[in-house]
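What the coordinates show
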Amino acid sequence: IHVRINKIDTSPLFETACDMILRGNGSVVLIGDESVEKGYEKIGIPRSISQNYLPIGCYENVIVGYEDARICSSWINTVKAVEFAMNGGVDPLSCETYKVYPHKIGSYEDFISAVEFYFTEFYKDAKEAIVAEKQWNLEANPNALYSSTLADCVINGKDVFDGGMNVRNTSLKYFGIGTAVDAIEAVKKLVYEDKRFSLDELAVVMKNDWKGNEALRAEALHFEHKWGRGDEEADSLAARLYGFIARLVVGSDNDLGGVYRLGADSVDHSVIFASATGATPDGRYARQEISKNLRPTAGQEKCGVTGFLKSVTALDGSDFIDGAPADVVLHPSAVRGEKGRAAFIALAKNYFARGGNAFQGNIVDAETLEKAQADPASYADLQIRVCGWNEYFVNMSRAAQNDFIARAKENE
């Protein structure tokens, strides 16, 4: 259930939606009008038109009947850019060379430039693939019935998957920012501040997946600057990285009669893409899950929901028309009674007042999840908000269950 929210909204609907989340109905997601409509202005669509947008899919917003948005055209792993910057464009798991950064990396700023270089190359590759597959869109997914409901398609005499819409935008997702920021902050500390390793030496530690450096890994897990804590340095880095990505992607020509839009959610690609991502300097093992959506890296949410939302709202939410969810996990005791309810509603209002894009939540405690894991028959109807959908907790993989249990314990 998507509920559009104006940042000054005081209607009963807003509080009703919050009450549903508080009662454990994680299927509700709130979408901020101000963020979305400002985002549409960035790609040349005025509010007189964008005010008619609808959230579809998980968090993706589309002006139905006006815009072919091609949501989720490609997911791009931001952590992989950090990995390539460390390894000179060589994939440490496959040992294959992707693309070599053409400049010497001598300083921290040089390293950031290398990361941005790979962000750019990923964009170019995704764009090339999207344009190349255009010839197969109609054959793969013809939709005459849907097309007949769209005025542009009827006037142009073309299927929506054959370029029937006059506005043909395309959407890319850059995800995993929590792990990417934590990894870069670790590089900054170990290589450029403390000078304990050269970049090449640290890359060898990563290639060996921390073997022989277990004490260093334990130390890295507790470095000061981590995403999702409201830490000014980490938040500034995240804003810088997404600012670069937005300037690269948002409103750029897609060679298909429209422009590109940007999203930041991961769906389940935080697991899928992680299987081809090596160890990272923040303490993550090779192939270990990378951060979901705009979440902190697993185990790093040390400053509660307020710290997390402070980090998220350090980003420009209007860059993410294609979705950028803040998914919170709260212990039921934190929102119990009228005071707890008022605090939760104030939290959500403040999030949107600060330019937040999308907001969803799981109100659950670790004890309940552990009981459900041990006795699934007694908790068959317990649902968890995963990304843009709910899932019965007892049907989730053991690894996914353990991740949610760990997140719930972090917030107790």
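Thresholds applied
- All chains use their own residue numbering, which begins from 1 and follows the written sequence.
- Local features in this predicted model are restricted to residues of pLDDT 70 or higher, and side-chain atom pairs are both shown and tallied only at a pLDDT of 80 or more, whereas totals for entire chains, interfaces and linings draw on every residue.
- With hydrogens and water set aside, each side-chain value is computed from the structure's full complement of heavy atoms.
- Criterion used throughout: strands pair if DSSP finds at least two bridges between them.
- Strands here mean DSSP runs of E at least two residues long; helices mean DSSP runs of H or I at least four residues long; both are numbered from the N terminus.
- Simply put, an axis is a line fit to the C-alpha atoms, just over the touching stretch for a helix, and the angle between two N-to-C directions goes from 0 to 180 degrees.
- Residue contacts are defined here by distance: any two heavy atoms, one from each residue, within 4.5 Å place the two residues in contact.
- For classification purposes, angles smaller than 35 degrees are called roughly parallel, those larger than 145 roughly antiparallel, those between 65 and 115 roughly perpendicular, and all remaining angles oblique.
- Here a crossing is taken to be left-handed if its near helix is turned anticlockwise relative to the far helix by less than a right angle, and right-handed if that turn runs clockwise.
- All residues other than Ala, Val, Leu, Ile, Met, Phe, Trp, Tyr, Cys, Pro, Asp, Glu, Lys and Arg, Gly among them, are scored as polar; the first ten of these are nonpolar and the last four charged.
- Buried Ala, Val, Leu, Ile, Met, Phe, Trp, Tyr and Cys residues form a nonpolar core when they are joined through side-chain atoms within 4.5 Å.
- Only protein chains enter the accessibility calculation, which uses a 1.4 Å probe; a residue whose area is less than 20% of its type maximum is buried, one above 50% is exposed, and one in between is partly exposed.
- Salt bridges are identified by distance alone: a Lys or Arg side-chain nitrogen within 4 Å of an Asp or Glu carboxyl oxygen.

**Focus on the sheet that holds strand β6 (residues 74–77)**
Ordered by their spatial adjacency, three strands build an open sheet running β6-β8-β9, and the pairing between neighbours is parallel. The strands lining the two open edges of the sheet, one partner per strand, are β6 and β9 (260–263). Neighbour to neighbour, the strand axes of the sheet diverge by 30° on average, direction disregarded. Bridge count between β6 and strand β8 (residues 170–175): four bridges; the pairing is parallel. Looking at β8, one finds that Asn77 is bridged to Phe175. Running over the sheet, helix α12 (residues 232–249) touches β8 and β9 and is turned about 165° from β8.

**Considerations on the packing of helix α5 (residues 108–132) against helix α9 (residues 177–193)**
α9 packs onto α5 with a crossing angle of 150° between their chain directions and a minimal axis gap of 11 Å. Here α9 runs roughly antiparallel to α5, going by the angle between their axes. Between α5 and α9 the crossing geometry is right-handed. Here Tyr108, Phe111, Ile112 and Val115 of α5 lie close against α9, whose contacting residues are Ile184, Val187, Lys188 and Tyr192. The residue inventory of the contact of α5 with α9, partitioned by class, reads seven nonpolar, no polar and one charged.

**What about the nonpolar core?**
Residues Leu30, Phe111 and Tyr174 are the most contacted members of the largest nonpolar core, which totals 108 residues. If one sorts the elements of this core by residue count, α5 sits on top with 12 residues. Aside from chain neighbours lying at most four places away, what touches Leu30 is Val3, Ile5, Phe14, Ala17, Cys18, Phe352, Asn357, Ala358 and Phe359. One finds Leu369, Ala372, Met396 and Phe404 within the second-largest nonpolar core, a separate group that totals 13 residues.

**Remarks on the environment of Arg168**
Here Arg168 lies in strand β7 (residues 167–168). The exposure class of Arg168 is partly exposed, given its relative accessible area of 25%. The spacing of Arg168 and Tyr260 is 92 residues in sequence and 9.2 Å in space, taken between C-alpha atoms. With residues up to four places along the chain from it excluded, the contact list for Arg168 reads Asp68, Gly163, Asn254, Leu256, Gly257, Gly258 and Val259.

**As for the environment of Gly251**
As for its position among the elements, Gly251 is in the loop between α12 and β9. Taking the C-alpha atoms as reference points, Gly251 and Ile130, separated by 121 residues in sequence, lie 16 Å from one another.

**Focus: the pattern of salt bridges**
Inspection of every chain in the model, using the stated rule, returns 30 salt bridges. Residue Asp19 is joined to Arg341 by a salt bridge in which the shortest nitrogen-to-oxygen separation is 2.7 Å. On the criterion of sequence distance, the pair formed by Asp19 in helix α1 (residues 12–22) and Arg341 in helix α15 (residues 337–353) is long-range, its members being 322 residues apart. Here Asp68 and Arg70 are joined by a salt bridge, their closest N and O atoms 3.0 Å apart. Note on Asp68: relative accessible area 9%, which makes it buried. In the salt-bridge network here, residues are joined through shared partners; they are Arg4, Asp33, Glu34, Glu37, Glu41 and Arg47.

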